[in-house]
Amino acid sequence: MGKNWEWSLKKGKEQRIKLEVDARMHGLPFNPNNIPLHSHCGTMQSHFNKGWRSVSAIDIELRVNGNRDYQHARQQL
C-alpha cells in the first residue's frame, strides 16, 4: 500500500471519529453511511471509505466518555 493510500485510510478513520463524537456531544444526528468526498481519485476515496468504516462503536464510546478504560466502554454497549 502506498503512503498516500495509508494517509487516506488514516484520514477516513480520524474524520469519522471527529464528526461522530462531535455529533454525539451536541446531540445531533449522525449517519455513518453518509461518507464525505475525500478525493476524486477512486483508489484514494476507496481507502478513505475503508478507514471510515473501520471505526467501531467502542472507538466512539471511548472518546465520548473521556477515554475511560475499555471495560467501561464495553459495558456501555
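Residues numbered from 1 in each chain as written. Predicted model: local features only at pLDDT ≥ 70, side-chain atom pairs only at ≥ 80, totals over all residues. Heavy atoms only, no water.

### Regarding the packing of helix H1 (residues 3-25) against helix H2 (residues 42-53)
The N-to-C vectors of H1 and H2 enclose an angle of 40 degrees; their axes lie 7 Å apart at closest approach. It follows from the interaxial angle that H1 and H2 lie oblique. H1 and H2 meet at a crossing whose hand is right-handed. Within the contact between the two elements, H1 uses Asn4, Trp5, Trp7, Ser8, Leu9, Lys11, Gly12, Lys13, Gln15, Arg16 and Leu19 and H2 uses Thr43, Met44, His47, Phe48, Lys50, Gly51, Trp52 and Arg53. (Axes fitted to C-alpha atoms, helices over the stretch in contact; angles between N-to-C directions. Helix = DSSP H or I, 4+ residues; strand = E, 2+ residues; numbered from the N terminus. Parallel < 35°, antiparallel > 145°, perpendicular 65-115°, else oblique. Left-handed = near helix turned anticlockwise from the far one by under 90°. Contact = heavy atoms within 4.5 Å.)

### Some points on the pattern of salt bridges
Across all of its chains, the model carries five salt bridges by this definition. Residue Glu14 is joined to Lys11 by a salt bridge in which the shortest nitrogen-to-oxygen separation is 3.2 Å. Pair noted here: Glu14 and Lys11 are both in helix H1, with a separation of three residues, about one helical turn. In this structure Lys11 comes out as partly exposed when scored by relative accessible area, which is 30%. A salt bridge links Lys13 to Asp59; its shortest N-O distance comes to 4.0 Å. Linking Lys13 in helix H1 with Asp59 in helix H3 (residues 57-64), this pair joins segments that are 46 residues apart in sequence. (Salt bridge = Lys/Arg side-chain N within 4 Å of Asp/Glu carboxyl O. Buried < 20%, exposed > 50% of the residue type's maximum accessible area, 1.4 Å probe, protein only.)

### As for H1
If you check H1, its first and last C-alpha atoms are 33 Å apart, about what 23 residues at 1.5 Å a residue would give, namely 33 Å. Those residues of H1 lying buried are Ser8, Gly12, Arg16, Ile17, Glu20, Val21 and Ala23. Following H1 by one or two positions, Gly27 adopts a phi angle in the positive range, close to 65 degrees. (Expected span 1.5 Å × (residues − 1).)

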